[in-house]
Amino acid sequence: MAYYYLIPTAGCLLETDENIQQYPGNIWVTDNSSWVARTGAIEKTKEEAQIIVDSAISGLTFSNDHINESLRGQPLTISLP
């Protein structure tokens, strides 16, 4: 998998078969080279991408009514694949 930074525009609209995952901070994960070429996404290392995601969710917590009681009020974390 490769990691990319891209601010979404009309040109990056996804087709249903493109297998692209979007994360907070405008990070996209894919091996779809045609999508990358079409959108001009900027490749990042996994470490760089994780820093961007972490920054985007910094200070966010799970809601106080989250279905999993042990997560209520805990900091939100996302680990890239």
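In this report, we go over the structure that sits alongside the text.

The rules behind these values
- Throughout, a residue's number is its position along its own chain's written sequence, starting from 1.
- Local features in this predicted model are restricted to residues of pLDDT 70 or higher, and side-chain atom pairs are both shown and tallied only at a pLDDT of 80 or more, whereas totals for entire chains, interfaces and linings draw on every residue.
- Where side-chain values are given, they derive from all heavy atoms of the structure, hydrogens and water being excluded.
- By the criteria applied, helices consist of DSSP H or I runs no shorter than four residues and strands consist of E runs no shorter than two, each listed in order from the N terminus.
- What a helix is expected to span follows from its residue count: subtract one and scale by 1.5 Å.
- Each residue is assigned to one of three classes by its accessible area relative to the maximum for its type, calculated with a 1.4 Å probe on protein chains only: buried under 20%, partly exposed between the two thresholds, exposed over 50%.
- Directions pointing from the helix axis toward each C-beta atom define the arc.
- We call two residues in contact when some of their heavy atoms are within 4.5 Å.
- When DSSP finds at least two bridges between two strands, those strands are taken to pair.
- Note on definitions: angles span 0 to 180 degrees between N-to-C directions of axes, and those axes are lines fitted to C-alpha atoms, for helices only across the stretch in contact.

1. Remarks on helix α2 (residues 46-57)
Thinking step 1. Taking 1.5 Å as the rise per residue, α2 with 12 residues should run 16 Å; its terminal C-alpha atoms sit 17 Å apart, in good agreement.
Thinking step 2. Within α2, burial applies to A49, Q50, V53 and I57. End-on, the buried residues of α2 take up no more than an arc of 100°, which puts them together on one face. Every exposed residue of α2 that faces more than 90 degrees away from the buried side is listed here: E47, I51 and S55.
Thinking step 3. For α2, the elements touching its buried residues are β1 (2-5), β2 (21-23), β3 (27-30) and β4 (42-44).
Thinking step 4. Looking one or two residues past α2, G59 carries a phi angle of roughly 90°, positive in sign.

2. Details of unusual backbone geometry
Thinking step 1. The residue N26 is not glycine, and still its phi comes out positive at about 65°.
Thinking step 2. Mapped onto the fold, N26 is located in the loop between β2 and β3.

3. Topic: the pairing of β3
Thinking step 1. Burial of β3 is two-sided: the residues I27 and V29 facing one way and the residues W28 and T30 facing the other way are all buried.
Thinking step 2. Where β1 and β3 come together, 4 bridges link them in antiparallel fashion. Each residue of the ladder has a partner; that of Y5, found in β3, is I27.
Thinking step 3. Relative to β3, β2 runs antiparallel, the two sharing 3 bridges. Within β3, the residue paired with Q22 across the bridge is W28.
Thinking step 4. Between β2 and β3, which pair antiparallel one after the other, the connecting turn spans 3 residues, and G25 there sits at a positive phi close to 85°.

4. Observations concerning the sheet that holds β2
Thinking step 1. Strand order across the open sheet formed by 4 strands is β2-β3-β1-β4, with antiparallel pairing between neighbours. The open sheet has two edge strands, β2 and β4, and neither has a second partner. Strand-to-strand twist of the sheet, defined as the mean angle between neighbouring strand axes without regard to direction, takes the value 35°.
Thinking step 2. Strand contacts of α2: β1, β2, β3 and β4, with the helix running at about 100° to β4, the strand carrying the most contacts.

5. Observations regarding the environment of Y23
Thinking step 1. Within the fold, Y23 resides in strand β2.
Thinking step 2. Y23 gets classed as buried once you look at its relative accessible area, which sits at 16%.
Thinking step 3. Residues contacting Y23, with those up to four places away along its chain left out, are V29, V53, I78, L80 and P81.

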